[in-house]
Amino acid sequence: MGMTMTQKILAAHAGLEKVKAGQLIEANLDLVLGNDITSPVAVKEFEKFGVKNVFDKEKIAIVPDHFTPNKDIKAAEQCKFIREFSRDKGIVNFFEIGEMGIEHCLLPEKGLVVAGDVVIGADSHTCTYGALGAFSTGIGSTDMAAGMATGKCWFKVPSALKFILKGKPSKWVSGKDVVLHIIGMIGVDGALYKSMEFIGDGLKYLSMDDRFTMANMAIEAGGKNGIFPVDEKTIEYLKEHGKKEWKVYEADEDAEYDEVYEIDLSALRPTVAFPHLPDNTRTIDEVGDIEIDQAVIGSCTNGRISDLRVARDLLKGKKVNKRVRCIVFPGTQKIYLQALEEGIIKDLVEAGAVVSTPTCGPCLGGHMGILAKGERAISTTNRNFVGRMGHVESEVYLASPAVAAASAITGKITNPEEL
């Protein structure tokens, strides 16, 4: 049997001609990532190894983005610790306030990840970079430490699921709706330790931002990684965002898949994940009357410029409902600046939204938008577990920027087609 995209990338990085699902390998790494929550633990483990230097100063990225700007003294101490480590080891890709962003928006933007790479990150949504045709996956802080020291990581080669996307999605259906539909279809463990490979003619209708969103949420179906083939859109993005060389891998025609799913994008509707799991999905037509207290638009899932444009298009000339707090988080400083230059920030503020510096804060209930007991949020983030964004008796409904913006206006979960 042939190999999948993921298996080919892993084989190349392990120096092997062929690998198969379930095989244990040790692969060379192109990038090791950490943030302000996971890096301090990794640094402490790294120090136990007794090595003086990291394996490559340019192949490590540390991005304080979860509790930054520092929300309290503990957060400030964590950032100080990894800042001093990064300076001491000469780590080139340390991005903090002023030049930072949410890590999974920032690294592709900086050109640090390209097609054919193997990337590990001490954050579960590291799988985002599969949109570029890379193998990227989340790992624990101990593996991050080992990666920083050796430039290697062990993997069990994953088996794969194939998703054949066909048709053209309707106006208000985005990558977020596609991936929520898929997670609702297969369940939060439907891709457990498997590679989710997306192919089909429908890909030509999905922007790079759509693909980042879908790869980002592969982990919400239990996936080891999500990955897209490299096409003209991918190459255009890679050329625009960096000079690093990339390599294209294609799945063999006789590659083996555990399951194959065909999805007609033209038949999909805007989709909402109800509390308290991402697979508890309903189409917008099945939602009913759900009032909200907060609308969050942003995060590593939906904080890119196209997401902000969609929110602006719906909110411009209208007002956020008086009962709703609408909070917008651009993914990076560059996206923030572009939104300023396009007048998006002005339109959002005039509509009654508040715009924050890039941060993961509200997504994980860290800061900048905590929910109180009994409150409901419509959010473009990636998780809606119990207590994810605040009090254990609060509720999070996951949706696209279009649905979130429309809901901010009406005060209840709303189909953007109705505005």
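These figures come from a predicted structure and were not determined experimentally.

About the criteria used
Residues numbered from 1 in each chain as written. Predicted model: local features only at pLDDT ≥ 70, side-chain atom pairs only at ≥ 80, totals over all residues. Heavy atoms only, no water. Buried < 20%, exposed > 50% of the residue type's maximum accessible area, 1.4 Å probe, protein only. Helix = DSSP H or I, 4+ residues; strand = E, 2+ residues; numbered from the N terminus. Arc of directions from axis to C-beta. Contact = heavy atoms within 4.5 Å. Polar contact = N/O pair within 3.5 Å; in protein donor to acceptor, adjacent residues only side chain to side chain. Salt bridge = Lys/Arg side-chain N within 4 Å of Asp/Glu carboxyl O. Pairing = 2+ DSSP bridges. Axes fitted to C-alpha atoms, helices over the stretch in contact; angles between N-to-C directions. Left-handed = near helix turned anticlockwise from the far one by under 90°. Nonpolar A, V, L, I, M, F, W, Y, C, P; charged D, E, K, R; others polar. UniProt positions renumbered as here; feature names shortened; annotations may be inferred. Phe/Tyr/Trp six-rings, centres within 6.5 Å; stacked < 30°, edge-to-face > 60°. Lys NZ or Arg CZ within 6 Å of the ring centre and 35° of its normal.

Colleague: For this particular structure, what's the right way to read helix H8 (residues 232–241)?
Modeller: An α-helix turns once every 3.6 residues. As a result, residues three or four positions apart point the same way. Residues Thr234, Tyr237, Leu238 and His241 constitute the buried set of H8. For H8, the angular spread of the buried residues around the axis is 100°, confining them to a single face. What points out from H8, more than 90 degrees from its buried face, is the exposed set Glu232, Glu236, Lys239 and Glu240. Buried-residue contacts for H8 involve helix H4 (103–109), helix H7 (208–216) and helix H11 (333–341). For H8, the N-terminal capping position is held by aspartate 231, with its side-chain oxygen 3.1 Å away from the main-chain nitrogen of lysine 233.

Colleague: Help me understand the pattern of salt bridges in this model?
Modeller: It is possible for side chains of opposite charge to pair when their charged atoms get near one another. In the structure shown here, the tally under the stated rule is 21 salt bridges. Here lysine 166 makes a salt bridge to glutamate 262, at a shortest N to O gap of 3.0 Å. Of this pair, lysine 166 sits in strand S8 (residues 159–166) while glutamate 262 sits in strand S11 (residues 259–264), and the two are 96 residues apart along the sequence. For lysine 166, a relative accessible area of 38% puts it in the partly exposed group. Glutamate 262 gets classed as exposed once you look at its relative accessible area, which sits at 54%.

Colleague: What is the right way to look at the sheet that holds strand S2 (residues 31–35) in this model?
Modeller: Paired through backbone hydrogen bonds, the strands of a sheet run either parallel or antiparallel to each other. Spatially, S4-S3-S2-S5-S6 is the arrangement adopted by the 5 strands of the open sheet, whose pairing is parallel. Each edge of the sheet is formed by a strand with only one pairing partner; in this case those strands are strand S4 (93–94) and strand S6 (135–138). Here strand S5 (residues 118–121) pairs with S6 via 4 bridges, running parallel. Of the residues in S6, the one forming a bridge with glycine 121 is glycine 138. On top of the sheet, helix H5 (residues 141–150) reaches S2, strand S3 (60–63) and S5; it is set at about 135° to S2, its chief contact.

Colleague: Whenever I open this one, the packing of helix H10 (residues 305–315) against H11 confuses me. Can you help?
Modeller: Axes are the key here: two packed helices are described by the angle between their axes and the distance separating the axes. As a packed pair, H10 and H11 sit with axes 10 Å apart at the nearest point and diverge in direction by 35°. Here the hand of the crossing between H10 and H11 comes out right-handed. Taken together, the residues of H11 that come into contact with H10 (itself represented by Ile305, Leu308 and Arg309) are Ile335, Gln338 and Ala339. Here the contact of H10 with H11 is composed, by residue class, of 4 nonpolar, 1 polar and 1 charged.

Colleague: Looking at this model, I keep getting lost on the UniProt feature "binding site: [4Fe-4S] cluster" (unreviewed entry) in the protein chain. Mind explaining?
Modeller: Residues annotated in UniProt with the feature "binding site: [4Fe-4S] cluster" (unreviewed entry) correspond here to Cys300, Cys360 and Cys363. Of the residues just listed, which span 64 residues, no C-alpha pair is farther apart than 9.2 Å, and they cluster in one region. You can call cysteine 300 buried: its relative accessible area is 8%. Residue contacts for cysteine 300: discarding those within four places in its chain leaves Ile102, His104, Cys105, His125, Asn216 and Asn382.

Colleague: In this structure, what is going on with the packing of aromatic side chains? I would like to understand it.
Modeller: Within a pair of aromatic rings, the relevant descriptors are the distance that separates the centres and the angle that separates the planes. Inspection of the entire model under this criterion finds 7 aromatic pairs. Note on phenylalanine 212 and tyrosine 237: the rings are 5.4 Å apart at their centroids and 65° apart in plane angle, and the pair reads as edge-to-face. On the criterion of sequence distance, the pair formed by phenylalanine 212 in helix H7 and tyrosine 237 in helix H8 is long-range, its members being 25 residues apart. Just as phenylalanine 212 is buried, tyrosine 237 falls in that class too. What links up through ring pairs into an aromatic cluster is the set Phe163, Phe198, Phe228 and Tyr261. A cation over a ring is seen here: lysine 71 above phenylalanine 67, with NZ or CZ 4.9 Å from the ring centre. The ring of phenylalanine 274 carries the charged tip of arginine 282 above its face, separated from the ring centre by 3.9 Å.

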